[in-house]
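Residue-level listing of the chains:
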Amino acid sequence: TNGSAPAVPSDQYDSLYLSPVTVGSSTLHLDFDTGSSDLWVFSSLQAQSSLVGHDYYMVDPAKEKQGYTWKISYGDGSGASGKVYADKVVVGGVTATAQAVEAATAVSAQFTQDVDTDGLLGLAMSTLNTVKPQQQKTFFDTVLKQLAQPLFAVDLKYHAAGSYDFGFIDKSKYTGAINYVNADTSKGWWGVSATAYSIGNASTSATVSGILDTGTTLLYVDTPIVKAYYAKVKGSKMDNTQGGYVFPCSATLPDFSLTIGGVKQIVPGKHINYSPTSAGNCFGGIQTNDGIGFSILGDIFLKSKYVIHEMGSTPRIGFAQQ
Ligand SMILES: CCCC[C@H](NC(=O)[C@H](Cc1ccccc1)NC(=O)N1CCOCC1)C(=O)N[C@@H](CC1CCCCC1)C(O)(O)C(F)(F)C(=O)NC
């Protein structure tokens, strides 16, 4: 089988993308996240007050995996925890009959106040799953054998609805050739490395290693690269109150590219103007990975590409131009 689910921006800046998923008998809107491996949902186990504005999973005690718990914390300091159920999960017509559904008993304030997100669907390796006493499979791992091809493809778009394809490559969603590289899954993520970057049409050799991450809004790379980029943006500065590089909203932003598998993967300058700030300037889509330890190729990087994540005998990543 195969199937496709839409990926709809949650706001006008593409802060995150939401996809409809049937969990048990409810349809929830989840953030598909290649940076983590838990499928967790807002649930009837939470206080009613934290459910306001959310769709949520009505737990069935008969489906509980007795004694199983989960607890996850994310790079931005948010987190959630709860209990585990085995239930039907359907994504774009692809059905997992007994998927581990992690029902929240508690979520951090950031999730409660973000009323669009009803949970996350992790698409990293199952080795990162937080369920105890026994780690559980991601949705992708659960359905892998029934998929026509062992892959999912990510088609996030700039200020528009895109899609996640499971089990097939949709030729209508890209142009030109697909360029494949082996994925480094040793840390549980979809790891890639670049051998150069370019700002405008000037190329510089450098090793940039990081992860593809649909659950991260921006593109985080090494500080020297970030400095070199904003040196080309008149009026740009590091603004600690805003938490990153900002610039005049009228600035012309150069294109940025990373060379992966010998092919330049270009991020259009337009995509690097992420959003206006409360201070009247604009916040950059490229920011420093200081404190993270590796680069994160998030939505700013992904939204100009069709990216195939193939879990074959050797995991591979395919890049194509949208
Ligand atoms: C800087 C290091 C990464 C930060 C990254 N978070 C982000 O990128 C959040 C996502 C978000 C958008 C809207 C509302 C709420 C949250 N955005 C964010 O921090 N910003 C601040 C800068 O401006 C852009 C928006 C993250 O933790 N991503 C998680 C998944 C998110 C967790 C919070 C809810 C949304 C999904 C991740 O799984 O992708 C991870 F890999 F980073 C991770 O922590 N794995 C364990």
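Coordinates for the structure precede this section.
The present account deals with the structure reproduced in this document. (Residues numbered from 1 in each chain as written. Predicted model: local features only at pLDDT ≥ 70, side-chain atom pairs only at ≥ 80, totals over all residues. Heavy atoms only, no water.)

Considering the pairing of strand β17 (residues 256-260)
Burial of β17 is extensive: five of the five residues sit out of reach of the surface. In the sheet, strand β12 (residues 191-199) pairs with β17 via four bridges, with the strands oriented antiparallel. Opposite Y197, over in β17, you have L258 as the bridge partner. Pairing of β17 with strand β18 (residues 263-267), which is carried by five bridges, proceeds in the antiparallel orientation. Considered in β18, the bridge of T259 is made with K264. Between β17 and β18, which pair antiparallel in sequence order, lie two residues; one of them, G261, sits at a positive phi of approximately 60°. (Buried < 20%, exposed > 50% of the residue type's maximum accessible area, 1.4 Å probe, protein only. Helix = DSSP H or I, 4+ residues; strand = E, 2+ residues; numbered from the N terminus. Pairing = 2+ DSSP bridges.)

Remarks on the sheet that holds strand β20 (residues 282-284)
Overall, antiparallel pairing links the four strands, which are arranged β15-β16-β20-β19 in an open sheet. Among the strands making up the open sheet, the edge pair consists of β15 (237-239) and β19 (273-276). In this sheet, neighbouring strand axes are inclined to one another by 45° on average, regardless of whether the strands run parallel or antiparallel. For strand β16 (residues 244-247) and β20, the ladder comprises two bridges, and the chain directions are antiparallel. Bridged to V246 within β20 is F283. (Axes fitted to C-alpha atoms, helices over the stretch in contact; angles between N-to-C directions.)

With respect to the site of the ligand
Within the structure, the ligand sits among 22 residues, and D33, G35, G75, D213 and T217 are positioned closest to it. G35 is positioned such that a nitrogen or oxygen atom in its backbone is 3.0 Å from a nitrogen atom of the ligand. Between an oxygen atom of the ligand and a main-chain N or O atom of D76, the distance comes to 3.1 Å. Considered on its own, the ligand offers 860 Å² of accessible surface; in the complex 79% of this is hidden by protein. Elements with a contribution of two residues or more to the shell around the ligand: β3 (26-33) and α1 (109-113). (Near = heavy atom within 4 Å. Polar contact = N/O pair within 3.5 Å; in protein donor to acceptor, adjacent residues only side chain to side chain. Areas by Shrake-Rupley, 256 points an atom, 1.4 Å probe, with all protein chains shown as cover.)

Some details on helix α3 (residues 223-230)
Along α3, the residues that are buried comprise T223, I225, V226, Y229 and Y230. Considered in projection along α3, the buried side chains sweep an arc of 160° and stay on one side of the axis. Opposite its buried face, α3 presents the exposed residues P224 and K227, each directed more than 90 degrees away. (Arc of directions from axis to C-beta.)

A few points about the environment of D170
Structurally, D170 can be placed in the loop between β10 (160-166) and β11 (175-182). We classify D170 as buried; its relative accessible area is 17%. Separated by 166 residues in sequence, D170 and S4 have C-alpha atoms that sit 9.6 Å apart. In this structure, D170 is in contact with D165 and Y306, ignoring residues within four places of it in sequence. (Contact = heavy atoms within 4.5 Å.)

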